[in-house]
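# Report on the structure
This is what each chain is made of:
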Amino acid sequence: QVQLVESGGGLVQAGGSLRLSCAASGGTFSRYAMGWFRQAPGKEREFVAAINWAGGSTYYADFVKGRFTISRDNAKNTVYLQLNSLKPEETALYYCAASYYIDYLNLATTYDYWGLGAQVTVSS
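Residues numbered from 1 in each chain as written. Predicted model: local features only at pLDDT ≥ 70, side-chain atom pairs only at ≥ 80, totals over all residues. Heavy atoms only, no water.

Let us look at the sheet that holds strand E1 (residues 3-7). Reading across from one edge, E1-E3-E8-E7 is the order of the 4 strands in this open sheet, with antiparallel pairing throughout. A single partner strand is all that each edge strand has here, and the edge strands are E1 and strand E7 (68-73). Ignoring which end each strand starts from, the neighbouring axes of this sheet average 15° apart. Bridge count for E7 against strand E8 (residues 78-83) is 6 bridges, and the pairing is antiparallel. Bridging from a neighbouring strand, Arg72 pairs with Val79 of E8. (Pairing = 2+ DSSP bridges. Helix = DSSP H or I, 4+ residues; strand = E, 2+ residues; numbered from the N terminus. Axes fitted to C-alpha atoms, helices over the stretch in contact; angles between N-to-C directions.)

Once that is clear, we can look at the pattern of salt bridges. Following the criterion strictly, the structure yields 3 salt bridges and no others. Here Arg38 makes a salt bridge to Glu90, at a shortest N to O gap of 3.2 Å. Of the two residues, Arg38 sits in strand E4 (residues 33-39) while Glu90 sits in the loop between E8 and strand E9 (92-99), which places them 52 residues apart along the sequence. A salt bridge links Glu90 to Arg67, with the shortest nitrogen-to-oxygen separation between them at 2.5 Å. With Glu90 in the loop between E8 and E9 and Arg67 in the loop between strand E6 (58-60) and E7, this pair connects stretches of sequence that are 23 residues apart. Residues Glu90 and Arg67 agree in their burial class; the two are buried. A network of salt bridges, in which partner residues are shared, links Arg38, Glu46, Arg67 and Glu90. (Salt bridge = Lys/Arg side-chain N within 4 Å of Asp/Glu carboxyl O. Buried < 20%, exposed > 50% of the residue type's maximum accessible area, 1.4 Å probe, protein only.)

Let us now look at the packing of aromatic side chains. All told, the structure shown has 8 aromatic pairs when counted by the stated rule. Where Phe37 meets Tyr111, the ring centres are 5.2 Å apart and the plane angle is 85°; that geometry is what we call edge-to-face. Residue Phe37 is found in strand E4, and its partner Tyr111 is found in the loop between E9 and strand E10 (113-114); the two are separated by 74 residues along the sequence. Through pairs of rings, three or more aromatic residues link up here, namely Phe37, Phe47, Tyr95, Tyr111 and Trp114. The ring of Tyr95 carries the charged tip of Arg45 above its face, separated from the ring centre by 3.9 Å. (Phe/Tyr/Trp six-rings, centres within 6.5 Å; stacked < 30°, edge-to-face > 60°. Lys NZ or Arg CZ within 6 Å of the ring centre and 35° of its normal.)

Right, let's talk about unusual backbone geometry for a bit. With phi around 50°, Lys65 is a residue other than glycine that occupies positive phi space. Looking at the element boundaries, Lys65 is found in the loop between E6 and E7. One non-glycine residue, Asn77, lies in positive phi territory at about 55°. Among the structural elements, Asn77 can be located in the loop between E7 and E8.

It is worth spelling out the side chain of Ser99 at this point. Tracing the chain through its elements places Ser99 in strand E9. With a relative accessible area of 0%, Ser99 lands in the buried category. Separated by 2.6 Å, the side chain of Ser99 and the backbone oxygen of Tyr101 make a polar contact. Apart from residues no more than four positions distant in its own chain, Ser99 is found in contact with Arg31, Tyr32, Ala33, Trp53, Leu105, Thr110, Tyr111 and Asp112. (Polar contact = N/O pair within 3.5 Å; in protein donor to acceptor, adjacent residues only side chain to side chain. Contact = heavy atoms within 4.5 Å.)

This is the structure:
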């Protein structure tokens with residue numbers, strides 16, 4: 001059983017930056033691919049970014065367009081999401097998730113474990 005805890009959310013002005021962290025415990029972190037999703041009020045959860053076990057491969061949603069960066073530190077059992085050039089419409093609860101499988105990392109159903117989320121609010 002893997003537990004995931006997100007941190008680093010907060011209030012930022014449009015164009016600003018935040019760095020989200022997700023700390024994992026209770027499992028072998030390096031065996032899991034990791035992903036970030038977000039969900040805004042009244043909207044479905046959507047894929048943001050994912051990274052494979054060793055961190056050598058990363059995947060992003062089209063809307064990221066070079067603004068976000070996912071990374072991981074297996075020695076610290078932590079995955080990160082650097083958010084730059086944030087927009088007000090990106091206000092959402094950001095979740096990290098762990099997947100034992102490497103395929104279809106853009107699909108929420110692929111993931112085995114989820115955190116409770118970190119709130120990101122972008123003001124205009």
